[in-house]
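Listed here are the chains, written in short residue letters.
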Amino acid sequence: MSLIAKNISVEVDSVQHLSDLSFEMSRGRLYTVLGRTMAGKTSLFRVISGLLKIDSGDLTLDDKSIKDEMIWRRDVAMVYQQFINYPHLNVSQNIAFPLKKAGLKKGEVELRVHEYLAKVGMMEFKDRKVSELSGGQQQRVALARALARKSNILLLDEPLVNLDYKLREQLREEFKSLFSDQGNVVVLYATTDPAEAMMLGDEVLIMHEGKLLQKGTPQEVFENPKSTLVAQIINDPPMNIFQGSISVGNINLPGGVSFDVPSHMTHLNSGDYLFGTVSPAIMLNHQGSLPATVTYEEVSGSESFIYVDSKIGPLVIQIAGIHSFRIGENVAFNLNPESFYVFDLGGQTIGTPSRRKMIK
């Protein structure tokens, strides 16, 4: 049994929010919806919940169309970016409120309240007003309330985006186990963070400007992106893309840079192509054969991202540790063609490296 979208399109005030969207999602699986801001993630969630009308196409749940179903009959639970709770109620009452409205008996309400407070680690705060809680604790209450409803569909619209980094990391680790026992529920989790999408999702849907670009397991979409756009969205920082050509057994890049054609490209004819490589696959070292100039450096946790200008174009290099590079500093790097993805000039993937050679 599943949730199926068939060629869904939505336009609001002459702006296309969703375009010819089709997918199938099974109960008992967690789907992460990954895309940049304005990709259409929230519009998709609003369509599923009934808050946004479908212009064309159909949405079915267990073979029954729900596109014209009233909001209150869809049995959809949602957790938003901004944690939404009832400030005049305590923690237990917040979770119990929708269960009572649904007509559950007192004993069942109490069982669910205790079960899901325990799942999100909030039992010791059960009698506290939500206004007295931290942001992370309030989001846990909102999540427990949504889970306790045991709805057909659970939507989580970037629920961690407003929390601090440490708390996001902690909750990410907990989320996978929280959703693992939602056996009869379709769970969708929207995010702009590739790492979050890869970590949480049984499958990942990649969206851009209202269109579904690719759907598959985290490994499938990461190792075999269908296009340059998917490759850039699924990687953080985005995959480095540069133009070149293949001729007489060589890859030729701007500035006279040349490599032997690796085995995963031997099937390609001579001609112009786009090549891509992930940031960790670029080796920054003093003995590197390719010169570059530092334009910016960003430190994130225990890694540094070095932005450079080079003969083949602008690149981002990811290296372990915290480093200090000056803007304008001359550096050198090496590229490994065994790690190259290759795309046609329209951006469609036509060659991918083997997994073991991607970073080596």
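The residue numbers shown here count from 1 along each chain, following its written sequence. A pLDDT threshold of at least 70 governs which residues receive local features in this predicted model, and a stricter bar of 80 or more applies before side-chain atom pairs are shown or counted, although totals over entire chains, interfaces and linings include all residues. Values shown for side chains rest on all heavy atoms present in the structure; no hydrogens or waters enter the calculation.

Quick look at the packing of aromatic side chains
Inference 1: Within 6.5 Å between ring centres, the rings of Phe, Tyr and Trp (the latter by its six-membered ring) count as paired, and their orientation is classed by plane angle as stacked under 30 degrees, edge-to-face over 60, tilted in between. Scanning all chains against the criterion turns up 6 aromatic pairs.
Inference 2: Ring geometry for Phe242 and Phe340: centres 5.5 Å apart, planes at 75 degrees, overall edge-to-face. Of this pair, Phe242 sits in strand S11 (residues 240–247) while Phe340 sits in the loop between strand S19 (330–334) and strand S20 (341–343), and the two are 98 residues apart along the sequence.
Inference 3: According to the relative accessible area criterion, Phe242 is buried, its value standing at 3%.
Inference 4: Using a relative accessible area of 0% as the deciding quantity, one classes Phe340 as buried.
Inference 5: With centroids separated by 6.0 Å and ring planes inclined at 85 degrees, the aromatic side chains of Phe259 and Phe340 adopt a geometry described as edge-to-face. Of this pair, Phe259 sits in strand S13 (residues 257–260) while Phe340 is found in the loop between S19 and S20, placing the two residues 81 residues apart along the sequence. Secondary structure elements are defined from DSSP: runs of H or I of at least 4 residues count as helices, runs of E of at least 2 residues count as strands, and each element is numbered from the N terminus. Throughout this description, buried means an accessible area under 20% of the type-specific maximum (1.4 Å probe, protein chains only), exposed means over 50%, and partly exposed covers the range between.

Here we look at helix H2 (residues 91–101)
Inference 1: Turning to H2, its buried residues number three or more, namely Val91, Ser92, Asn94, Ile95, Ala96, Pro98 and Leu99.
Inference 2: Contacts were defined at the residue level, with two residues in contact if any of their heavy atoms lie within 4.5 Å. If you follow the buried residues of H2, they end up packed against helix H3 (106–119) and helix H4 (135–148).
Inference 3: Under this definition, polar contacts are N or O atom pairs within 3.5 Å; protein pairs additionally need one hydrogen-donor-capable and one acceptor-capable atom, and for neighbouring residues in sequence, both atoms have to be side-chain atoms. The residue sitting at the N-terminus of H2 and contributing the capping side-chain oxygen is Asn90; that oxygen lies 3.1 Å from the backbone nitrogen of Ser92.
Inference 4: Just downstream of H2 lies Gly103, where phi reads positive at about 90 degrees.

Examining helix H5 (residues 165–179)
Inference 1: Helix span is expected to be 1.5 Å times the residue number reduced by one. Relative to the 21 Å expected for 15 residues at 1.5 Å per residue, H5 spans 21 Å between its end C-alpha atoms, a close match to the ideal helical length.
Inference 2: Within H5, the full set of buried residues consists of Leu167, Leu171, Arg172, Phe175, Leu178 and Phe179.
Inference 3: Looking at the buried side of H5, the elements it contacts are strand S3 (30–34), H3, H4, strand S7 (153–157), strand S8 (186–191) and helix H6 (194–200).

Quick notes on the domain arrangement of the protein
Inference 1: Residue ranges for the domains trace back to a domain assignment, done automatically or taken from a database. Entries for the protein in the domain assignment read domain 1 (2–234) and domain 2 (240–351).
Inference 2: Between the C-alpha centres of domain 1 and domain 2 the distance comes to 37 Å.
Inference 3: Listed as interface residues are 8 residues of domain 1 and, on the opposing side, 7 residues of domain 2.
Inference 4: The largest share of the area that domain 1 buries against domain 2 comes from Pro225, Lys226 and Thr228, three residues that together contribute 56% of it.
Inference 5: We define a salt bridge as a side-chain nitrogen of Lys or Arg found within 4 Å of a carboxyl oxygen belonging to Asp or Glu. Where domain 1 touches domain 2, the interface holds 0 salt bridges.
Inference 6: If you look at where domain 1 meets domain 2, you find 5 residue pairs in polar contact (both at pLDDT 80 or more).
Inference 7: Top contributing element to the side of domain 1 that touches domain 2 by residue count: helix H8 (residues 228–234), with 3 residues.
Inference 8: Under the grouping applied here, Gly and all other residues not named as nonpolar or charged are polar, the nonpolar ones being Ala, Val, Leu, Ile, Met, Phe, Trp, Tyr, Cys and Pro and the charged ones Asp, Glu, Lys and Arg. Looking at side-chain class alone, the side of domain 1 that touches domain 2 contains 3 nonpolar, 3 polar and 2 charged residues. When two components associate, each loses some accessible surface as probed by a 1.4 Å sphere; the sum of these losses over both components is called the buried area.

Quick notes on the pattern of salt bridges
Pairing is possible between side chains of opposite charge, provided their charged atoms come close.
Inference 1: Counted by the stated rule, this structure contains 7 salt bridges.
Inference 2: Among the salt bridges present, the one from Arg29 reaches Glu203, with a minimum N-O distance of 3.5 Å. Taken as a pair, Arg29 in the loop between strand S2 (15–26) and S3 and Glu203 in strand S9 (residues 203–208) lie far apart in primary sequence, 174 residues in all.
Inference 3: One connected set of salt bridges, linked through shared partners, spans Arg29, Glu203 and Lys215.

Points about the side chain of Arg27
Inference 1: One can find Arg27 in the loop between S2 and S3.
Inference 2: Here Asn152 takes part through its side chain, which lies 3.0 Å from a polar atom of the side chain of Arg27.
Inference 3: Here the side chain of Arg27 touches Asn184 through a polar contact of 2.5 Å, landing on its backbone oxygen.

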